[in-house]
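Listed below, chain by chain, are the residues.
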Amino acid sequence: MRSYSSLALRIGVLAISLAAAGAVSAQDGITVYNAQHASLTQAWADGFTKETGIKVTIRKGSDTELANQIVQEGASSPADVFVTENSPAMVLVEKAGLFEALPKDILDQVPAQFRPTSGRWTGVAARSTVFAYDKRKLKEADLPKSMLDLADAKWKGRWAASPSGADFQAIVGALLVLKGEKITADWLKAMKENSSAYRGNSVAMKGVNAGEVEGAVIYHYYFFGDQAKTAENSSNVSLHYFRNQDPGAFLSTSGAGVLESSKHKKEAEAFVKWMGGKHGQAVLRDGDSFEYAIGNGEASNPKLEPIAKLDAPKVEPSQLDSKKVTELMTAAGLL
Amino acid sequence: MTVSLSLDTPALPVLPLRRQRHLAGRATLLLAGAVSLCALLPLGFIAWIAIETGWQTAFALIWRPRVGELLVDTLLLELCTLPPAILLAVALAWLTERSDMPGAKFFSWLTVAPLAVPAFVQSYAWFSLLPRFHGLPAAVLVSVLAYLPFLYLPVAAQLRRIDPALEHAAASLGQSPSRVFMRVVLPQLRLAICGGSLLVGLHLLAEYGLYAMIRFDTFTTAIIDQFQSSYNGPAANMLAGVLVLNCFGLIGLEWVLRGNARYARLGSGAPRPAPPQGLGAWRVPALALPLAFAALSLGVPMLTLSRWLMVAGDDVWRQDALAASLAGTLGYAGLGALATVAAALPMAWLSVRAPGRATRFLESCHSYLGALPGVVVALALVTVTVRIALPLYQTVATVILAYILMFLPRALVGLRAGIAQVPVELERAAMSLGRSPARALLAVTLPLAAPGVAAAMALVAMGVATELTATLLLAPNGTSTLATEFWALTSELDYAKAAPYAVLMILLSLPMTALLHAQARKSLGS
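Residues numbered from 1 in each chain as written. Chains lettered and ligands numbered in written order. Predicted model: local features only at pLDDT ≥ 70, side-chain atom pairs only at ≥ 80, totals over all residues. Heavy atoms only, no water.

## Quick notes on the overall build of chain A
Then comes step 1: Along its length, chain A carries 13 helices and nine strands.
Then comes step 2: At 22 Å, chain A has a C-alpha radius of gyration in line with the 20 Å of a compact globule built from 335 residues.
Then comes step 3: With the principal axes as the frame, chain A shows a C-alpha extent of 75 × 55 × 40 Å.
Then comes step 4: Counting only residues that meet the buried cut, chain A has 59% of its 335 residues in that class.
Then comes step 5: For chain A, the exposed area adds up to about 13200 Å²; of that, 55% sits on carbon and sulfur atoms.
Then comes step 6: Separation between the mean location of the 38 positive side-chain charges and that of the 38 negative ones in chain A comes to 3 Å. (Helix = DSSP H or I, 4+ residues; strand = E, 2+ residues; numbered from the N terminus. Rg over C-alpha atoms; globule rule 2.2 N^0.38 Å. Buried < 20%, exposed > 50% of the residue type's maximum accessible area, 1.4 Å probe, protein only. Areas by Shrake-Rupley, 256 points an atom, 1.4 Å probe, with all protein chains shown as cover. Lys, Arg positive; Asp, Glu negative; His and termini not counted. Charge placed at Lys NZ, Arg CZ, Asp CG, Glu CD.)

Printed below as a string of structure tokens:
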């Protein structure tokens, strides 16, 4: 009888040591804190590992969640590289002084508008804000001229967004830079009145497609991604680009940076360089992410509206303030 | 959350010998005390954050319209879900336990089976079948379907146990069958209904995946939103504080409603089983109720899953990630079950062998955690490890600690029942022959209590296998479990790829569900 319990103990010890071994072995290669879409970063990591033999371990999370996490972890962060969907989270980590300055050859891979002047991180992809609308219900003349029009009472109950997502918070960040705190706070208050909240851009688009709302402020590529698959969630949807340097034409930069605390800086830099370089950008062009390639002279997926035609407002990425955005949104009752 | 509040078996009355308490008690008491301290950590943490945040900021974060909205949502959810769930559970329990409905036993199994379908898989099934189905009505329907067994199990068990003599007496005094039910049977079901409702109510407060998917905001979804927007900021923690108050409010309410009336029979003799009541012409139409429940709670998930599996074809089973997350789930479930049962052991032993005021206090430290949503425990552990115990941060150890805290009450109930069945004389004999109390416990008590230990482990393992929020917040880099992968895929609307994960979670939960059903019948005497 005694053997049972000692066997159980031994199994316990064995299991714990196995798990511990598993946790240690995950530390080989580099650790990427990834807030980008899992499948895109996985494709980048796979391509990189195949070419260099360097293993990539990925931790999933959302932009601001992981950025705040890195800030709290400080010098003891296990992360080597931080990859986001949008810039505000990068700014948060940059402001905390946790990014390593990147070498010039990495920065020079993308045009200056897609990276901060500090050179502490760089852009690797971009995404455009759009108004995805139900083409059965809205004609072109009915569409809002500016994203600010959505604060109008006539849009009450007719539009949607995903306020808890980093994507939307980046758009609010741009609005804050372009129009200031007063207008942003008022717009958010009107949004709380007028809009329905969905959890995730794709779910918001699905809501438009199902006829629950007439339109949603999301990013462009959810539409193209769904069209390329079954079109099940976008068959009734069309995209409206605000253009005219409207806050709603904001082009958001997905960033990548190497942490100062990284113990594998060389490998980490190699990964950031790879993402922004020819092969990494080709993943954007040929894959099914439908995000914009931004590398010098690199082409995006031909199905996309060219960046030059978007007429996006000029926003210095390092001015995007996620903390202020969360505060304003919490005050407006959206979070 | 504890499944097992409802399956509570009272400890056998054992006269605690002063000497024995002295011998074995001290070490065990110390161990149980240490576990209790750990268990108080989440509560202490929220108090600490509230103090650290400062009264004014904390007040501003709590006293705002958004919190009011969430409060209304949460109250509406409880108010709209519990009454229909109670009605349905009592009706189903009466049909399967007391009537001559054909196939009663089979339907009893069928009514418990939805326990094997994790709540967020249930809502995935409904949401992808009816894309426009969302908000309060959807939340209520799916909650009833997912959590009804927690009410059905204790009510059915109680119905089997009730002494029919009272009913016969009432009938012989000329009361109609329906009046007998209302005036004699129903009052005796009060404890079971209160206990089951509390369990369901707490689940409604704690659930994340279900409500996130069908777009209904509760405190738990709002906490995760805040967490994702600002990691563990004061706003998330203050929401967690309000959520904890909600939980305690619910427990208090149950305590008041339960009252302290006496329900046991007095005098000698044993109740005989109640004869099944004839339904007459209703015998076959009555089948509609359990059939409808099974169709909604089991049929819809089966339909949705098979549709997505068909759309996806064979390839979807060949994802590398699938095998990895299955292995991850099995590993965590196994480790979690072992660790939790080990942590609960000293307390379980104490509460059976040395009941007293001190042990009762320690025991409530262990079991209050059953009322805390996983997200509160996880939030506490994230902050504590990142600020104070950094080497433990993002390690397997921390995730396991979270599982221990969350599932301690489950383990306790299973273990207590097991230990109560071991004759104390054997333990004493072992000790009088020179074994230390700890060794006597390991060598004699534990093997004899094996069925109880196994049940406790199964209960914990089932909880871990479908746990979502704590795993999302705490898991080490590169971890994947069935639940987290399923969640990631459904968030990207990849319903087809998510389907195999759901199927595996259901398959893993099935044996444990069967065990629960069997245990509920056995422990309450059939």
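## Re the overall build of chain B
Then comes step 1: Of the regular secondary structure elements, chain B holds 23 helices and zero strands.
Then comes step 2: In terms of C-alpha radius of gyration, chain B reaches 24 Å, essentially the compact-globule figure of 24 Å for 526 residues.
Then comes step 3: Judged by the C-alpha coordinates and their principal axes, chain B covers about 65 × 65 × 50 Å.
Then comes step 4: Across the 526 residues in chain B, those meeting the buried criterion constitute 58%.
Then comes step 5: In chain B, once contacts between residues fewer than 6 apart in sequence are set aside, the share between residues at least 24 apart is 85%.
Then comes step 6: Carbon and sulfur atoms make up 70% of the accessible area of chain B, which amounts to about 21300 Å² in all.
Then comes step 7: If you average the places of the 34 positive and of the 23 negative side-chain charges in chain B, the two averages end up 14 Å apart. (Contact = heavy atoms within 4.5 Å.)

## Re a nonpolar patch on the surface
Then comes step 1: Where nonpolar side chains cluster on the molecular surface, the patch consists of Trp55(B), Phe59(B) and Trp63(B) and spans about 480 Å² of accessible area.
Then comes step 2: As for its position among the elements, Trp63(B) is in the loop between α2 (55–62) and α3 (65–98). (Patch = residues over 30% accessible without salt bridge, like charges linked within 9 Å, V, L, I, M, F, W, Y side chains within 5 Å. Salt bridge = Lys/Arg side-chain N within 4 Å of Asp/Glu carboxyl O.)

## A short note on the pattern of salt bridges
Then comes step 1: The tally for this structure, following the rule as stated, stands at 28 salt bridges over all chains.
Then comes step 2: Between Lys60(A) and Glu485(B) there is a salt bridge, with the nearest N and O atoms lying 3.0 Å from each other. Highlighted residues: Lys60(A) in strand β2 (residues 56–60) and Glu485(B) in helix α22 (residues 482–491), drawn from two different chains.
Then comes step 3: Judged by its relative accessible area of 43%, Lys60(A) falls in the partly exposed class.
Then comes step 4: In this structure, the salt-bridge partner of Asp167(A) is Arg127(A), at a minimum N-O distance of 2.6 Å. One end of the pair, Asp167(A), is in helix α6 (residues 166–179); the other, Arg127(A), is in strand β4 (residues 122–134), and 40 residues separate them in sequence.

## Brief notes about helix α9 (residues 190–206) of chain B
Then comes step 1: Look at α9(B): 24 Å from first C-alpha to last across 17 residues, which is about the 24 Å you get at 1.5 Å a residue.
Then comes step 2: Burial of α9(B) is extensive: 14 of the 17 residues sit out of reach of the surface. (Expected span 1.5 Å × (residues − 1).)

## Some points on the nonpolar core
Looking at soluble globular proteins, one finds that nonpolar side chains tend to be buried together.
Then comes step 1: By size, the foremost hydrophobic cluster in this structure holds 235 residues, and its most contacted members are Phe131(A) and Phe486(B).
Then comes step 2: One finds Phe48(A), Ile54(A), Val124(A) and Ala268(A) within the second-largest nonpolar core, a separate group that totals 26 residues. (Core = buried A, V, L, I, M, F, W, Y, C linked by side-chain atoms within 4.5 Å.)

## So, the side chain of Gln158(B)
Residue and element names in this part refer to chain B.
Then comes step 1: Following the sequence through the fold, Gln158 ends up in helix α6 (residues 135–161).
Then comes step 2: By relative accessible area, Gln158 is classed as buried at 14%.
Then comes step 3: Setting aside chain neighbours within four positions, we find Gln158 in contact with Gln188, Leu189 and Ala192.

## Some points on the interface of chain A and chain B
By a widespread convention, an interface's size corresponds to the accessible area lost as its parts come together.
Then comes step 1: Listed by partner, the interface residues are 49 residues for chain A and 47 residues for chain B.
Then comes step 2: Overall, the association of chain A and chain B removes approximately 4000 Å² of surface from exposure, summing both partners, and the carbon and sulfur fraction of that is 51%.
Then comes step 3: On the chain A side of the interface with chain B, the three residues burying the most area are Arg59(A), Gln72(A) and Arg199(A), jointly 17% of the side's total.
Then comes step 4: With a closest N to O distance of 3.2 Å, Asp217(B) and Arg199(A) form a salt bridge.
Then comes step 5: Our count for the contact surface shared by chain A and chain B stands at 19 residue pairs in polar contact (both at pLDDT 80 or more).
Then comes step 6: Of all the secondary structure elements, the ones that give two or more residues to the side of chain A that touches chain B are α1 (2–25), β1 (30–34), α2 (38–52), β2, α3 (63–73), α8 (201–209) and α13 (322–331) of chain A.
Then comes step 7: Partitioning the side of chain A that touches chain B into residue classes produces 18 nonpolar, 20 polar and eleven charged. (Buried area = accessible area lost by both parts, 1.4 Å probe. Polar contact = N/O pair within 3.5 Å; in protein donor to acceptor, adjacent residues only side chain to side chain. Nonpolar A, V, L, I, M, F, W, Y, C, P; charged D, E, K, R; others polar.)

## Looking at the confidence of the model for chain A
Should the pLDDT be low somewhere, the predicted coordinates at that spot are not to be read in detail.
All names here are of chain A.
Then comes step 1: On average, residues of chain A score 90 in pLDDT, and 92% of them reach the 70 mark or higher.
Then comes step 2: Contacts of residues 1–5 to residues separated by more than four positions or lying in other chains number seven contacts, the stretch itself having pLDDT below 50.
Then comes step 3: Residue range residues 20–26 is modelled with pLDDT below 50. Its contacts to residues more than four positions away, or to other chains, number six contacts. (pLDDT = per-residue confidence, 0-100.)

## Some points on the packing of aromatic side chains
Residues and elements named next belong to chain B.
Then comes step 1: Using the criterion set out here, one finds 24 aromatic pairs over all chains in the structure.
Then comes step 2: Relative to Tyr495, the ring of Tyr124 has its centre 5.7 Å away and its plane inclined at 75°; by these criteria the two rings are edge-to-face. Of this pair, Tyr124 sits in helix α5 (residues 119–129) while Tyr495 sits in helix α23 (residues 495–523), and the two are 371 residues apart along the sequence. No difference in accessibility class separates Tyr124 from Tyr495, as the two residues are buried.
Then comes step 3: Pairing Trp126 with Phe133 gives two aromatic rings, centres 6.0 Å apart and planes at 45°, and the pair type is tilted.
Then comes step 4: Three or more aromatic residues joined by ring pairs form one cluster here, namely Phe120, Tyr124, Trp308, Phe486 and Tyr495. (Phe/Tyr/Trp six-rings, centres within 6.5 Å; stacked < 30°, edge-to-face > 60°.)

## Notes on helix α7 (residues 181–194) of chain A
Then comes step 1: A rise of 1.5 Å per residue sets the reference length of α7(A), with its 14 residues, at 20 Å; its end C-alpha atoms lie 20 Å apart and thus fit the reference within 8%.
Then comes step 2: All of the buried residues along α7(A) are Thr184(A), Ala185(A), Trp187(A), Leu188(A), Ala190(A), Met191(A) and Asn194(A).

## Examining the packing of helix α10 (residues 265–276) of chain A against helix α11 (residues 278–286) of chain A
Residue and element names in this part refer to chain A.
Then comes step 1: At a closest axis distance of 4 Å, the pairing of α10 and α11 adopts a crossing angle of 50°. Classified by the angle between their axes, α10 and α11 sit oblique to one another. Taking contact as the criterion, the partners of Trp274, Met275 and Gly276 in α10 are, on α11, Lys278, His279, Gly280, Gln281 and Val283.
Then comes step 2: Residues belonging to the contact of α10 with α11 are distributed by class as follows: three nonpolar, four polar and one charged. (Axes fitted to C-alpha atoms, helices over the stretch in contact; angles between N-to-C directions. Parallel < 35°, antiparallel > 145°, perpendicular 65-115°, else oblique.)

## Remarks on the packing of helix α17 (residues 396–420) of chain B against helix α20 (residues 450–465) of chain B
Residue and element names in this part refer to chain B.
Then comes step 1: Remark: α17 packs on α20, axes separated minimally by 7 Å, with the N-to-C direction vectors making an angle of 155°. With respect to α20, the axis of α17 lies roughly antiparallel. Seen from above, α17 lies across α20 with right-handed handedness. Mapping the contact onto sequence places Tyr403, Phe407, Arg410, Ala411, Gly414, Leu415 and Gly418 in α17 and Gly452, Val453, Ala456, Leu459, Val460, Met462, Gly463 and Val464 in α20.
Then comes step 2: When the residues that make up the contact of α17 with α20 are grouped by side-chain class, the tally is ten nonpolar, four polar and one charged. (Left-handed = near helix turned anticlockwise from the far one by under 90°.)

## Observations regarding unusual backbone geometry
Residue and element names in this part refer to chain A.
Then comes step 1: A positive phi is found at Asn244, a non-glycine position, where the angle reads about 50°.
Then comes step 2: Take Asn244: its relative accessible area is 61%, and that puts it in the exposed class.
Then comes step 3: In this structure, Gln245 is a non-glycine residue whose phi angle is positive, near 55°.
Then comes step 4: Among the structural elements, Gln245 can be located in the loop between β8 (237–240) and β9 (251–258).

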